[in-house]
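Observations on the model geometry
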Amino acid sequence: MLARFCGRSLWLLPFFIFSNLAYSQKTINGVELETSKTNSNRHLKATKSVILNLNLEESLKLVLNFDEKCNNKFKDKRKWTDKSTDCKHHNNNLIETVHFRDIKNKNQILNDHFLLLRHGYNRGTFLYFEEITVELSETELHVRQKLLSDEDVKKFIETKLETIFSFQQVEGHFHLKLLEKNKTQLTYTYQSTTDHWLLNKEMMIDEIFESTAKGLSDLFLSFASGMNAP
């Protein structure tokens, strides 16, 4: 995978410079943050949970509105989507998101399975694919996001595009649990691993925890119409 330090997306939050400490944790505005290190690999995790005044079906629609999040100031940078369309929810670094639903090796057991192409800008262009899977039961729902290597992408679609990103592993997990008729608990967990030399610095860890908490909180603001908690 071609990797370069060049930005984040709506769900790849601003974990850009990290501590050399073996382990550190902090809670900011309801966001639980922790970081650890194994050899030259920095591992990060962030979690936030809220209650939505919605049922599971309505909550799922909010989670899957990936293409409604972008920075409208980047309209001219779009390559694959309509430059005249306004995104409903602001994401500071995301130019556009493209869905790929006609994929090879689709898991037919899942409720939904597709790919997203993420195109963004922050000190340079970033480009990557992620796999989205949806599993639904009567009372629980799981939406999982996974960063794909260039080799893995070719298992699903034919493309000559190459990844431009600085993480080796990124996963996101929306866990929705129905508490009662129109009340659903939404917990989002983000995890990443990188060996980028700049992303392992100690001096900026407090600032990064602050910006990470803000990024996760901003993500949840896109659910504001269904939330009863900040």
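Below is a summary of the structure that appears in this document. Only a predicted model underlies this, so the values are computations on that prediction, with no experimental measurement involved.

Rules used throughout
Residues numbered from 1 in each chain as written. Predicted model: local features only at pLDDT ≥ 70, side-chain atom pairs only at ≥ 80, totals over all residues. Heavy atoms only, no water. Disulfide = S-S within 2.5 Å. Helix = DSSP H or I, 4+ residues; strand = E, 2+ residues; numbered from the N terminus. Buried < 20%, exposed > 50% of the residue type's maximum accessible area, 1.4 Å probe, protein only. Lys, Arg positive; Asp, Glu negative; His and termini not counted. Salt bridge = Lys/Arg side-chain N within 4 Å of Asp/Glu carboxyl O. Polar contact = N/O pair within 3.5 Å; in protein donor to acceptor, adjacent residues only side chain to side chain. 1 Å grid on protein atoms, 1.4 Å probe; cavity = no way out; pocket = protein on both sides within 12 Å on 5 of 7 lines; lining within 4 Å. Points joined across faces, edges and corners; volume = space filled by probe spheres on them. Nonpolar A, V, L, I, M, F, W, Y, C, P; charged D, E, K, R; others polar.

Applying the stated criterion to the full structure yields one disulfide. At a sulfur-sulfur separation of 1.9 Å, the disulfide partner of Cys70 is Cys87. One quick way to see it: the torsion about the S-S bond of Cys70 and Cys87 is about 110°, and its sign makes the bridge right-handed. Residue Cys70 is found in strand β4 (residues 69–70), and its partner Cys87 is found in the loop between β4 and β5 (89–90); the two are separated by 17 residues along the sequence. The same class applies to Cys70 as to Cys87, namely buried.

Our next topic: the side chain of Lys69. Following the sequence through the fold, Lys69 ends up in strand β4. Despite its burial, Lys69 remains without a salt bridge, the nearest opposite charge being carried by Glu68 at 6.4 Å. A polar atom in the side chain of Lys69 sits 2.2 Å from the side chain of Asn65.

This paragraph deals with the layout of surface pockets. Empty space left among the atoms is revealed by rolling a probe the size of a water molecule over them. Its volume calculated, the second largest pocket comes out at about 200 Å³. Forming the boundary of the second largest pocket are 14 residues, of which Asp67, Arg78, Thr81, Thr85 and Cys87 lie nearest the centre. Sorting the residues of the lining of the second largest pocket by element identifies β4 and β6 (94–100) as the ones contributing at least two each. Considering each element in turn, the lining of the second largest pocket owes the most residues, three residues, to β6. Class assignment of the residues belonging to the lining of the second largest pocket gives a composition of three nonpolar, three polar and eight charged.

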